[in-house]
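Working through the structure, step by step
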Amino acid sequence: MFRLDDLIRWSGASPEGPLPDSFPSLSTDTRDLPPGCLFLALRGENFDGHDFAAKAVEAGAGGVVAERGAALPPGLPALRVGDTARALRDLAAGWRAKVDPFVLGVTGSVGKTTTKELAAQLLGALGPVARTRGNWNNALGLPKSILAMPESARYAVLECGTNHPGEIAPLAALMRPDAAVLTNVGPVHIGNFGSEESIADEKAELLRAVPPEGFCVLDATNRHFAYLRAQPRCRVVSVSADPATPADYAAVSADPATGAFEAREAATGEVRALRAPQPGAHQIGNALLALAAARALGAGWEDIAERLAAAPGAKMRWERLERGGVSWINDAYNANPVSMEKALETFAATPCAGRRVAVLGDMGELGEAEEALHRRVGRAAAAAAPDALLCVGPRAAWIADEAVRAGLAAVRVHRAPDAPAARAALAVLARPGDLVLVKASRSMALERAIPG
């Protein structure tokens, strides 16, 4: 419950009208208004939440947070603030301080949402855990995730993302992490950063925000590891899915096709047999990051093994579906060059009764490097040697061209302009017994190519 006096103190709001003493929740969307909630009227480029304030109260909201000067119906219960976006952050900061959980921050170019979910799953062995909802990891999503924390939470696993320089530092200041996990650094959103080194420096803002008594978990196999490990003021815990790279937690053996692996803890010499909830060497790496954080906080191996194996999968992230005798891997939530390569590598090792069909679409926000990076994925597609490759979108044409140049038979390579056309092509191309991988950037909405 959010107490009215706390809300006023945190945001500096001026109360108007018949406000209740407390609110059970806060919402910024009139399509999702729990009874009695506080509706916060945000402004955007194409909308103004103040236009829906009266509707929110009619729908059951107990009051609204509105900007001073914004027109509201007389008598509407309101908390008036100078700027509602700022008020959202102020309220989140107040609630984070009041709940005061141990906060584990997660960022990285690839795998941060999966790692966040795995870490929350493992920390559940130690007490109640709150986590970022979905991928609410930006300037609006993070404060909403913090405000969604129950007051009983002892731990919070919070994700922060960026697609432009300067975004991580204010998110880290709001989050106030007690510890952090940085999954990796790669050419994601590189069109907005110019170089991987700039991306690494941006991601490192989360590491720099961890206090000296905390810890940071880093992937020792990432080429930016040496730079990243020098950034925090606290101890660094390293992980490695490559047996040749020493680390505090290393996979000494692994079966990427099943997700089974053995993790060695350097401090004790213990080796434990574990299984990641999804296949792939990259998923084993995500599991190592999560378990390293859990071990640093005192989780036992038996709890880790049990909870890791039982971790639920995320929607549209290597989600297995059966349609008309065809096995579909819906990995269409998002894509970048690194995740494309990892997905193709895992796809090639996944058993199937029939043929393998890879459906790959455009990747966004790659700037001047977009052709080179799409062609890099084309070479990875050729190395994976699918029985058929369907490339969707104008940029994916570079994937198709490079796959043929790298040795994939031209007769195996097909093209489609968009997701609906890909769906029509797959109605002919995919046969019962086949395994089909579908992956592209979110803007492609390539899941539409999968039969309903």
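Up top is the structure.
Everything quoted here is computed from the prediction, not taken from an experiment.

In spatial order, the strands read β17-β18-β22-β19-β20-β21; together these 6 strands make up an open sheet with mixed pairing. Edge positions in the sheet fall to β17 (319-323) and β21 (413-416), since each of these pairs with one other strand and no more. Strand-to-strand twist in this sheet, taken as the mean axis angle between neighbours without regard to direction, amounts to 20°. Looking at chain direction, strand β20 (residues 388-392) and β21 are connected through 4 bridges and run parallel.

On to the nonpolar core, then. Counting residues in each nonpolar core, the largest one holds 80 residues, and the members touching the most others are L344, L360 and L389. With 36 residues, the next largest nonpolar core counts L104, Y155, A179 and A276 among its residues.

A few words on unusual backbone geometry. Phi angles above zero are rare outside glycine, and A385 is one such case at about 55°. Here A385 lies in the loop between α13 (370-384) and β20. On the basis of relative accessible area, A385 is assigned to the partly exposed category, the value being 42%. In the Ramachandran plot, A445 falls in the positive-phi region, its phi being about 45° despite a non-glycine side chain. Summarising the element assignment, A445 is placed in the segment after β22 (435-439). Note on A445: relative accessible area 16%, which makes it buried.

Attention now moves to the sheet that holds strand β4 (residues 26-27). Spatially, 5 strands are ordered β2-β7-β6-β5-β4 in an open sheet, and the strand pairing comes out mixed. Taken across any chain shown, the strands that pair with only one partner, and hence form the sheet edges, are β2 (14-16) and β4. Where β2 lies against strand β7 (residues 78-81), 3 bridges are found, and the strand directions are antiparallel. Bridge pairing in β7 places P15 opposite L79. On top of the sheet, helix α3 (residues 84-99) reaches β4, β5 (38-40), β6 (63-67) and β7; it is set at about 125° to β6, its chief contact.

A few words now on the pairing of β6. Burial analysis of β6 places 5 of its 5 residues in the buried class, which makes it a mostly covered element. Neither face of β6 is open: one carries G63, V65 and E67, the other V64 and A66, and all of them are buried. Sheet topology places β5 next to β6; 3 bridges connect them, and they run parallel. Counterpart to L40 in the pairing with β6 is V65.

Calculation criteria
Residues numbered from 1 in each chain as written. Predicted model: local features only at pLDDT ≥ 70, side-chain atom pairs only at ≥ 80, totals over all residues. Heavy atoms only, no water. Pairing = 2+ DSSP bridges. Helix = DSSP H or I, 4+ residues; strand = E, 2+ residues; numbered from the N terminus. Axes fitted to C-alpha atoms, helices over the stretch in contact; angles between N-to-C directions. Core = buried A, V, L, I, M, F, W, Y, C linked by side-chain atoms within 4.5 Å. Buried < 20%, exposed > 50% of the residue type's maximum accessible area, 1.4 Å probe, protein only. Contact = heavy atoms within 4.5 Å.

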